[in-house]
Number of protein chains: 2
Amino acid sequence: MKYCSACGDEVHLIIPDGDNRERYVCPACGVVHYQNPKVVTGCIPEWEDKILLCKRAIEPRHGLWTLPAGFMENQETSLEGAAREAMEEANADMRDMELYCVFSIPHINQMYTMYRGSLHQGKASPGRESLDVRLVTEQEVPWDKLAFPVIIATLQWYYQDLKKGSFNTHYGEIRKTPEMKFEIERFS
Amino acid sequence: MKYCSACGDEVHLIIPDGDNRERYVCPACGVVHYQNPKVVTGCIPEWEDKILLCKRAIEPRHGLWTLPAGFMENQETSLEGAAREAMEEANADMRDMELYCVFSIPHINQMYTMYRGSLHQGKASPGRESLDVRLVTEQEVPWDKLAFPVIIATLQWYYQDLKKGSFNTHYGEIRKTPEMKFEIERFS
């Protein structure tokens, strides 16, 4: 950020009075431009003993597999956003969704909300951002070709709960370690 | 938004190629300025048979009662943000927090994550944004003086679960009705 989106003047990075963090502040009009994490919302589409995965047609992680998910938009709920992303990425009509897990990923300023729900009639096909979509059993999940640590963490919880026969809502945090690996801390 | 924060030129509100929503786009440098919901994160501080409420010293809802909560910051997790807000607003040291409920509030482009946890030694005092803080029993909750519908919804769930003797993680949506009342839809 270099310019004020309200008046066009150059912004300064300062700690405003009564605050304790640096913010972009406009010296001309006084607006403080707060920058906050974004929410990514998605789901696990279920059909019989399978779940739906999408092969990414876009960067990052082009060609790797993921659950349908994307940035939550203004004026929608995180549940509506998860259903919209499933439709956009996999022409998947989601029903009876429940919140399944929430992740904070502080190094990329993101929060994930992942729902679990029924893929209507088991029908799906690739949307514009997918090269392929596939219904897979646990044995068919391509663990070494999943796109993001948050997808691995979500599916690990999912299959643990499936074995237990009961699904709780989970909260976890994903951090990058100095060795560029990822560490997943499970809180509930 | 009137000006591009990257180059200072005037932005246009258009639907970019391959998108289906209007975005602020800079005709000079091409940057698309996405606008997304913000996360508010907070908690229910518990001590013996009481919870901690804060009387707001700031607008909106100056003088009404709330749970400690505020905007999640970049580089922090929603759990860390909830603990930070409790410290800032009530000098409250939170321990053993668990995710308790998640709300979407689409008409104000917000998502709430509310945790439940132990208020260390039951100690609290007003921070800069609070006029007062108070440990209250269920009978002492000032239901008609709570600051926001999301606080009412959170506490309704809390006392229901407390009576049941078990706490689940909940997801709900809060919408404004045409009569300017609020409607809370509970999904889980």
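Quick caveat, the model's predicted, so the values are computed rather than measured.

**Regarding the sheet that holds strand E3 (residues 32-33) of chain A**
All names here are of chain A.
For step 1, the next point in the chain: Read across the sheet, three strands follow the order E1-E2-E3 without closing on themselves; strand pairing throughout is antiparallel. This sheet does not close on itself; its edge strands, each paired only once, are strand E1 (12-14) and E3.
For step 2, the next point in the chain: Here two bridges tie strand E2 (residues 23-25) to E3, and the two strands are oriented antiparallel to one another. Opposite tyrosine 24, over in E3, you have histidine 33 as the bridge partner.

**A closer look at the domain arrangement of chain A**
For step 1, the next point in the chain: In terms of domains, chain A is made up of domain 1 (1-35) and domain 2 (38-186).
For step 2, the next point in the chain: Here domain 1 of chain A and domain 2 of chain A have C-alpha centroids that lie 36 Å from each other.

**Here's the deal with the relation of the copies chain A and chain B**
For step 1, the next point in the chain: Between chain A and chain B, which share one sequence, the superposing operator has a rotation angle of 180° and an axial displacement of 0.0 Å; the RMSD is 0.0 Å. The superposition operator between the copies reduces to a two-fold rotation axis.
For step 2, the next point in the chain: Same-surface contact between copies: 100% of interface residues of chain A are shared with the interface of chain B.

**Observations regarding the sheet that holds strand E2 (residues 23-25) of chain B**
Residues and elements named next belong to chain B.
For step 1, the next point in the chain: One open sheet accounts for three strands, arranged E1-E2-E3; its pairing is antiparallel. This sheet does not close on itself; its edge strands, each paired only once, are strand E1 (12-14) and strand E3 (32-33).
For step 2, the next point in the chain: Relative to E2, E1 is paired through three bridges, and the arrangement is antiparallel. For isoleucine 14, the partnering residue across the bridge sits in E2 and is arginine 23.

**Some words on the pattern of salt bridges**
For step 1, the next point in the chain: On inspection of all chains with the given rule, the structure shows 32 salt bridges over all chains.
For step 2, the next point in the chain: Here glutamate 73 of chain A makes a salt bridge to arginine 23 of chain B, at a shortest N to O gap of 2.6 Å. Of the two residues, glutamate 73 of chain A is situated in the loop between strand E7 (69-71) and helix H1 (78-90) and arginine 23 of chain B in strand E2; the pairing between them involves two chains.
For step 3, the next point in the chain: Classification of arginine 23 of chain B by relative accessible area gives buried; the value is 6%.
For step 4, the next point in the chain: A single salt-bridge network, built from bridges that share partners, covers Asp19, Arg21 and Arg23 of chain A together with Glu73, Glu76, Arg84, Glu85 and Glu88 of chain B.

**Some remarks on the packing of aromatic side chains**
For step 1, the next point in the chain: All told, the structure shown has 14 aromatic pairs over all chains when counted by the stated rule.
For step 2, the next point in the chain: On the basis of an interplanar angle of 70° and a centroid distance of 5.7 Å, the ring pair of tyrosine 100 of chain A and phenylalanine 167 of chain A is categorised as edge-to-face. Note that tyrosine 100 of chain A is positioned in strand E8 (residues 94-105) and phenylalanine 167 of chain A in the loop between helix H2 (149-164) and strand E11 (170-176), a separation of 67 residues in sequence.
For step 3, the next point in the chain: Judged by its relative accessible area of 1%, tyrosine 100 of chain A is buried.
For step 4, the next point in the chain: A ring pair is formed by phenylalanine 103 of chain B and tryptophan 157 of chain B, whose centres lie 5.3 Å apart and whose planes are at 35°; its orientation type is tilted. With a gap of 54 residues between them, phenylalanine 103 of chain B in strand E8 (residues 94-105) and tryptophan 157 of chain B in helix H2 (residues 149-164) connect regions that are remote in the sequence. The pair formed by phenylalanine 103 of chain B and tryptophan 157 of chain B is uniform in burial state, with each residue classed as buried.
For step 5, the next point in the chain: Aromatic ring contacts, followed pair by pair, group Tyr100, Trp143, Tyr158, Tyr159 and Phe167 of chain A into a single cluster.
For step 6, the next point in the chain: The lysine or arginine in question, arginine 116 of chain A, covers the ring of phenylalanine 167 of chain A, its NZ or CZ lying 3.8 Å from the ring centre.

Rules and cut-offs
- Residues numbered from 1 in each chain as written.
- Chains lettered and ligands numbered in written order.
- Predicted model: local features only at pLDDT ≥ 70, side-chain atom pairs only at ≥ 80, totals over all residues.
- Heavy atoms only, no water.
- Pairing = 2+ DSSP bridges.
- Helix = DSSP H or I, 4+ residues; strand = E, 2+ residues; numbered from the N terminus.
- Domains from an automatic or database assignment.
- Least-squares fit on C-alpha atoms with pLDDT ≥ 70 in both.
- Contact = heavy atoms within 4.5 Å.
- Salt bridge = Lys/Arg side-chain N within 4 Å of Asp/Glu carboxyl O.
- Buried < 20%, exposed > 50% of the residue type's maximum accessible area, 1.4 Å probe, protein only.
- Phe/Tyr/Trp six-rings, centres within 6.5 Å; stacked < 30°, edge-to-face > 60°.
- Lys NZ or Arg CZ within 6 Å of the ring centre and 35° of its normal.

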